[in-house]
Amino acid sequence: MSGSVRTDQELLNELAMLRTRVTELEQEREQALAHGQQKLERLQQDQVAHTAEDKDAPVYERLVVLEAIFETIKDALAVYAPSGKIVRANRAFYQLMGIEHPLEYDNQSLQERGQLVRLSDEHGVPLPEELWPARRALRGEVITSENAPDITFFTMDGREIQADITGAPLRDSYGNVIGAVIVLHDITQRKRLEMRYVEDNRRMDEFLSIASHELRTPMTTINGNIQLAMRRVRGLSRPEGGPPDYEDKLALIQELLSRAERQVRIQNRLVSDLLDVSRIQANRLELNIAECDLAAITREAVEDQRFSVPRRTILLHNVSPELSIPIQADADRIGQVITNFLTNALKYSDEDTTVDVDIQLQDTYARVSVHDKGPGLPEDERKRLWERFYRVPGIRIRSGSGMSLGLGLYICHTIIELHNGQIGVDSTVGEGSTFWFMLPLA
Ligand code: ADP
């Protein structure tokens, strides 16, 4: 019995031991605290030494600077606790989100806030919670514009916002995630402008397509009527007792008709260019590829221009009448490219200068070039003149009554590209330009 019932003395002894142990524990705690405090201070000193460019600057000054940056930065910035609650956000964040009562908002859970703002990706597809940027950053992911879609969300005051998002986890010195920071860059305005631009372009292309088709029909009729009238006039002869200047009058009518015919031809070329451009835009420029003769195509294009502009000298080099260069191509389209080079060369150079056309064979390629002694083109412009509607500033028409819409070279570029060829221009300002293209031999 005595083993289980403790005497007063035994209890007193035990109490004394416990007291000693408590004292020991208290001392240990004191020591641990002091140790921790020292460690913390050392860490803080390290931190300050690390972040301070000027090591003498007091810590609080550094903090003031950081605070000022945080608040004045234009992008919305929020710092999240591991739970998803917002522990800190800048003014831009609350403004962007249309939040009137920051405290209320910050204290809501991530799910609650997510439901309020209805996050979706750039195509309007709702983002599941595991893809919300804050969730991803809290999982340890670094979020960049490359690995995250632009997001769309609704603000507390009902605006729809598109934003580019970046973010990163915040880690302690052991690498544990202790929060996350998210930066929202508002791109709503930019996206709206982009959409308007795309829409404007689409309408412009639609307009081009309709306008060129509508213009072509009456032109065909006008041209048909001119041809008919010319034939009728040609068949007329002075009737018995007709006026003595009958022949002169006929000649005048013929001249007027051929002038009208020339104008219609120019207009037709313009309308075809417009049609071609709208076909290119709609990816509907089709080629009729067949084996054909590049030398013959070149000779024909040169002959046509010699006939249309007899006062100009167009020299053809290295192309004898017998020469034949077989290629796989759409002969009409290649002819169109050479004609365009030629009309430009004639249009942008002085009447008294020659235009030189040349064909060279290089390995498996044939190279056609058209050289003029016009104004020449600086390097920047040589790159840009292939763009749709681009006209080089300061270059004026020096010869003939051609027009300039800035479409021809864009079409040429597309045609040669579709033939797997190369196209380019060499030029020295003040001396002239050489437009060329290369096509693989058949
Ligand atoms: P267009 O001649 O109808 O304006 P192009 O696309 O054929 O359209 O040419 C684009 C622009 O390039 C022209 O407006 C002109 O400024 C410039 N250009 C074209 N060919 C020449 C040339 N041979 N010499 C100087 N400038 C040229």
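Residues numbered from 1 in each chain as written. Predicted model: local features only at pLDDT ≥ 70, side-chain atom pairs only at ≥ 80, totals over all residues. Heavy atoms only, no water.

**A word on the site of the ligand**
To keep things clear, this is the line we draw: The criterion for a residue being near a molecule or strand is simple. One of its heavy atoms has to lie within 4 Å of it. Whenever a nitrogen or oxygen atom comes within 3.5 Å of another N or O atom, the pair is scored as a polar contact, on the condition that within protein one atom can donate a hydrogen and the other can accept it, and that pairs from neighbouring residues in sequence are kept only if both atoms are in side chains. Note on areas: Shrake-Rupley with a 1.4 Å probe; residue coverage comes only from the protein chains shown. The secondary structure listing takes helices from DSSP runs of H or I that are at least 4 residues long and strands from runs of E that are at least 2 residues long, numbered from the N terminus. Side-chain classes are defined by residue name, with Ala, Val, Leu, Ile, Met, Phe, Trp, Tyr, Cys and Pro counting as nonpolar, Asp, Glu, Lys and Arg as charged, and the others, Gly among them, as polar.
If you check the shell around the ligand, you find 20 residues, and the closest are Asn344, Tyr348, Asp372, Ser404 and Leu409. Within the backbone of glycine 406, a nitrogen or oxygen atom sits 3.0 Å from an oxygen atom of the ligand. At a separation of 2.8 Å, an oxygen atom of the ligand approaches a polar backbone atom of leucine 409. The fraction of the free accessible surface of the ligand (530 Å²) that becomes covered by protein chains is 97%. Elements supplying a minimum of two residues to the shell around the ligand: helix H10 (331–347), helix H12 (408–418) and strand S13 (432–440). For the shell around the ligand, the leading source of residues is H10, giving three residues. Split into classes, the residues belonging to the shell around the ligand amount to 11 nonpolar, six polar and three charged.

**Description of the pairing of strand S2 (residues 86–89)**
Using the following cut-off: A pair of strands is labelled paired if DSSP reports no fewer than 2 bridges between them.
Pairing between strand S1 (residues 76–80) and S2: three bridges, direction antiparallel. What sits directly across from alanine 78, in S2, is alanine 89. The hairpin formed by S1 and S2 contains five residues between the paired strands, and glycine 84 there has a positive phi angle of roughly 100 degrees.

**Structural notes on unusual backbone geometry**
With a phi close to 50 degrees, arginine 118 is a non-glycine residue in the positive phi region. Turning to its location among the elements, arginine 118 is positioned in the loop between helix H5 (110–117) and strand S3 (120–121). A positive phi angle, close to 60 degrees, is found at asparagine 318, a residue other than glycine. Positionally, asparagine 318 belongs in the loop between strand S8 (314–317) and strand S9 (326–329).

**Comments concerning the packing of helix H9 (residues 294–308) against H10**
Rules: What counts as an axis is a line fitted to C-alpha atoms, over the stretch in contact for a helix, and the angles between N-to-C directions run from 0 to 180 degrees. Any angle that falls under 35 degrees is termed roughly parallel, while one over 145 is termed roughly antiparallel, one within 65 to 115 roughly perpendicular, and all others oblique. Handedness of each helix crossing follows the sense of rotation of the near helix against the far helix: counterclockwise by less than a right angle gives left-handed, clockwise gives right-handed. In this description, contact between two residues means that some pair of their heavy atoms is separated by no more than 4.5 Å.
Packing of H9 against H10 brings their axes to within 9 Å, and their N-to-C directions diverge by 40 degrees. Here H10 runs oblique to H9, going by the angle between their axes. Regarding H9 and H10, the two cross each other, and that crossing is right-handed. Two secondary-structure elements touch here, H9 through Leu294, Ile297, Thr298, Ala301, Val302 and Gln305 and H10 through Ala331, Ile334, Gly335, Ile338, Thr339, Leu342, Thr343 and Leu346. Each residue belonging to the contact of H9 with H10 can be placed in one class, and the counts come to nine nonpolar, five polar and no charged.

**Topic: the sheet that holds S1**
Pairing is antiparallel across the open sheet formed by six strands, whose spatial order is S2-S1-S6-S5-S4-S3. The open sheet is flanked by S2 and S3, the only strands paired with a single partner. By the bridge criterion, five bridges tie S1 to strand S6 (residues 177–186) in an arrangement that is antiparallel. Bridged to leucine 77 within S6 is valine 183. Helix H2 (residues 59–72) rests against S1 and S2 of the sheet, and its axis sits at about 85 degrees to S2. Of the strands in this sheet, strand S5 (160–171) and S6 are in contact with helix H7 (residues 188–234), which crosses S5 at around 135 degrees.

**Thoughts on the nonpolar core**
Note the cut-off: Grouping buried Ala, Val, Leu, Ile, Met, Phe, Trp, Tyr and Cys residues that are joined through side-chain atoms within 4.5 Å yields what is termed a nonpolar core. Whether a residue is buried, partly exposed or exposed follows from its accessible area with a 1.4 Å probe, protein chains only, as a fraction of its type maximum: under 20%, in between, or over 50%, in that order. What fixes the domain bounds is an automatic or database domain assignment.
Formed by 47 residues in total, the largest nonpolar core has its most connected members in Ile334, Phe341, Leu342 and Phe437. By residue number, the principal contributor to this core is H10, which donates seven residues. Structurally, this core is a two-domain feature, drawing no fewer than three residues from each of domain 3 (194–281) and domain 4 (290–440). Membership of the second largest hydrophobic core comes to 29 residues, among which are Ala78, Leu96, Ile161 and Leu184.

**Details of the pattern of salt bridges**
Note the cut-off: A pairing counts as a salt bridge when a side-chain nitrogen of Lys or Arg comes within 4 Å of a carboxyl oxygen of Asp or Glu.
According to the stated counting rule, one finds 25 salt bridges in the structure shown. For glutamate 129, the salt bridge goes to arginine 135, with nearest N and O atoms at 2.9 Å. Take glutamate 129: its relative accessible area is 25%, and that puts it in the partly exposed class.

**A few points about H9**
Our working rule: The span you would expect from a helix comes to 1.5 Å times its residue count less one.
Helix length check: H9 (15 residues) gives 21 Å between terminal C-alpha atoms against 21 Å at 1.5 Å per residue, within 8%. Taken together, the buried positions of H9 are Leu294, Ala295, Ile297, Thr298, Arg299, Ala301, Val302 and Gln305. Of the residues that open H9, the one with a side-chain oxygen 2.9 Å from the backbone nitrogen of alanine 295 is aspartate 293.

Function cannot be read off these values alone, since they describe shape.
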